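Listed below are the residues making up each chain.
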Amino acid sequence: MFSLGSWLPALPGLAWGWALLDALLQGLVGACAISVLCSLLKVYLYIQCVNNPERRAEKEAMAARRPLLRPLHVLVLTAVLALVGSRVAALVVLEFSLRAVSTILSLGKGAHSTQLYLLCQYSLGCGVSCSLSFLLEGAPHRSWNLALAAGLAGLLALHARRLARHVCTLYELHSRARYCGVCILLLASGHGIPRLLRSALALTFAVADLAAVELINRDFLSTGEAVRFWTPLTICYTLLVVYMQEESRQSTGRAPMFRTVVVRMGGLFILLLTVGRWTDILHVFVSLLGELWCLLHSGVLLESCWRQ
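Residues numbered from 1 in each chain as written. Predicted model: local features only at pLDDT ≥ 70, side-chain atom pairs only at ≥ 80, totals over all residues. Heavy atoms only, no water.

Student: Can you lay out the overall build of the protein for me, pointing to particular residues and giving the numbers?
Tutor: What the protein contains, in helices and strands, is 13 helices and zero strands. Listing every helix and strand of the protein by position from the N terminus yields α-α-α-α-α-α-α-α-α-α-α-α-α. Nonlocal contacts in the protein, meaning residues at least 24 apart in sequence, comprise 80% of its contacts between residues at least 6 apart. Surface summary for the protein: the accessible area is close to 15,600 Å², and the carbon and sulfur share equals 69%. (Helix = DSSP H or I, 4+ residues; strand = E, 2+ residues; numbered from the N terminus. Contact = heavy atoms within 4.5 Å. Areas by Shrake-Rupley, 256 points an atom, 1.4 Å probe, with all protein chains shown as cover.)

Structure follows, in structure tokens:
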């Protein structure tokens, strides 16, 4: 059994190069997962706007053509997810899972659940990256497996993007004329997209949470070290969840979203100053950039969720 680099001589920098390639492939898979999520949410929200004449401005904003923005979005997320270490990525996944459970229990279903899908973009990328790191750890064909996963994820993201572009361009015409099979299917069952996303995200984060706990615990040599890490982490995350619940009840809009991201990453930064490593501190800043980039990119969709 040979890995991708086993045919080449063992040079000092070769292992580092293959590790970088694996990180980029993992980041690409995570970025494609985020792209698929955004495309399907765009399809769902656009259909909702078409059925409501008062939301014409939102529909036109979503249908605006930005041919270079989506590839740039995928490239930036690939770089960010490749730079973030597995430790910080695991912490981001666990924090979002706790926040999502708290939000679902307190708010229930409705427009807030759709907004939650948009807020999980960066956490979804981290979750996919953690899952791949855990599942492929020690695999003899790790690089080949990641390349295959990246190819399949890219193909799925491309088709989801084409679907969103088709819907934004021709859905109104095709749904009225009963001309296109895809548009007729969306007309009949497009309301089920959030339910589909909820099931897919629940499965993804369930696997990611297990992988995140395992990736964090493998760094501890004793139970005492694990307790010293998990105790302040649990307290920090509980306080963050309480703060964000109160913030969401008192205000709406884009500004509170950015403020919440800064508070979350600030809490994680302070926590890792006491129990983390210096590389973790750098990865927190990279994660902050990733979160802000996802919110900026999905600004039109977030506006639609708030008005809905």
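That shown, we press on.
Student: Got a sec to walk through helix 3 (residues 69-83)? Specific residues and values, please.
Tutor: Across its 15 residues, helix 3 extends 21 Å between first and last C-alpha, which sits within 8% of the 21 Å expected from 1.5 Å per residue. Among all positions of helix 3, only Arg-70, His-73, Val-74, Leu-77, Thr-78, Val-80, Leu-81 and Ala-82 are buried. (Expected span 1.5 Å × (residues − 1). Buried < 20%, exposed > 50% of the residue type's maximum accessible area, 1.4 Å probe, protein only.)

Student: So what's going on with the UniProt feature "transmembrane region" (unreviewed entry) in the protein? Residues and values would help.
Tutor: Feature annotation in UniProt assigns "transmembrane region" (unreviewed entry) to the following positions: residues 27-47, 68-94, 114-136, 143-164, 229-245 and 257-275. A helix fraction of 100% and a strand fraction of 0% characterise residues 27-47, whose end C-alpha atoms lie 31 Å from each other. The span residues 114-136 carries 91% helix and 0% strand; its end-to-end C-alpha distance comes to 32 Å. (UniProt positions renumbered as here; feature names shortened; annotations may be inferred.)

Student: Break down the side chain of Arg-142 for me, with residues and values.
Tutor: Along the chain, Arg-142 falls in helix 7 (residues 142-177). Of the polar contacts made by the side chain of Arg-142, one reaches the backbone oxygen of Leu-136; its length is 3.2 Å. Not counting chain neighbours up to four residues away, the residues in contact with Arg-142 comprise Asp-22, Gln-26, Leu-132, Ser-133, Leu-136 and Glu-137. (Polar contact = N/O pair within 3.5 Å; in protein donor to acceptor, adjacent residues only side chain to side chain.)

Student: Describe in detail the environment of Leu-196, supporting the description with residues and values.
Tutor: The residue Leu-196 is located in helix 9 (residues 193-217) in this model. Considered as a pair, Leu-196 and Leu-40 are 156 residues apart in the sequence and their alpha carbons are 9.9 Å apart.

Student: I'd like a description of the confidence of the model for the protein, backed by residues and values.
Tutor: A low pLDDT means the predicted coordinates there should not be read in detail. The share of residues in the protein with pLDDT of 70 or more is 86%, and the mean pLDDT across the chain is 80. Considering each helix and strand of the protein separately, the mean pLDDT is smallest for helix 10 (residues 223-250), with a value of 71, and largest for helix 6 (residues 121-135), with 91. Low pLDDT (under 50) marks residues 1-13, which in the prediction has 17 contacts with non-local residues, meaning those over four places away or in another chain. (pLDDT = per-residue confidence, 0-100.)

Student: How would you sum up a nonpolar patch on the surface? Please name residues and give values.
Tutor: Together, Phe-134, Leu-135, Leu-203 and Val-207 line one region of the surface with nonpolar side chains, adding up to about 370 Å² of accessible area. When contributions to the nonpolar patch are tallied by element, the ones reaching two or more residues are helix 6 and helix 9. For Leu-203, a relative accessible area of 58% puts it in the exposed group. (Patch = residues over 30% accessible without salt bridge, like charges linked within 9 Å, V, L, I, M, F, W, Y side chains within 5 Å. Salt bridge = Lys/Arg side-chain N within 4 Å of Asp/Glu carboxyl O.)

Student: Outline the nonpolar core, listing residues and values.
Tutor: Leu-37, Leu-91, Tyr-122 and Leu-268 are the most contacted members of the largest nonpolar core, which totals 86 residues. Considering each element in turn, this core owes the most residues, 17 residues, to helix 1 (residues 14-50). Among residues more than four places away in sequence, those in contact with Tyr-122 are Ile-34, Val-80, Leu-81, Val-84, Val-92, Val-286, Ser-287, Gly-290, Glu-291 and Cys-294. (Core = buried A, V, L, I, M, F, W, Y, C linked by side-chain atoms within 4.5 Å.)

Student: Could you give me a rundown of the side chain of Glu-291, with the residues and numbers involved?
Tutor: Inspection of the secondary structure puts Glu-291 in helix 12 (residues 278-297). Sequence-distant contacts of Glu-291, defined by excluding residues within four places in its chain, comprise Val-92, Tyr-122, Ser-123, Val-261, Arg-264 and Met-265.

Student: An account of the environment of His-191 is needed here, citing residue identities and associated values.
Tutor: Inspection of the secondary structure assignment puts His-191 in the loop between helix 8 (181-189) and helix 9. A residue is classified by how much of its surface remains accessible, and His-191, at 52% relative accessible area, is exposed. C-alpha of His-191 to C-alpha of Leu-45: the two residues are 146 residues apart in sequence and 9.6 Å apart in space.

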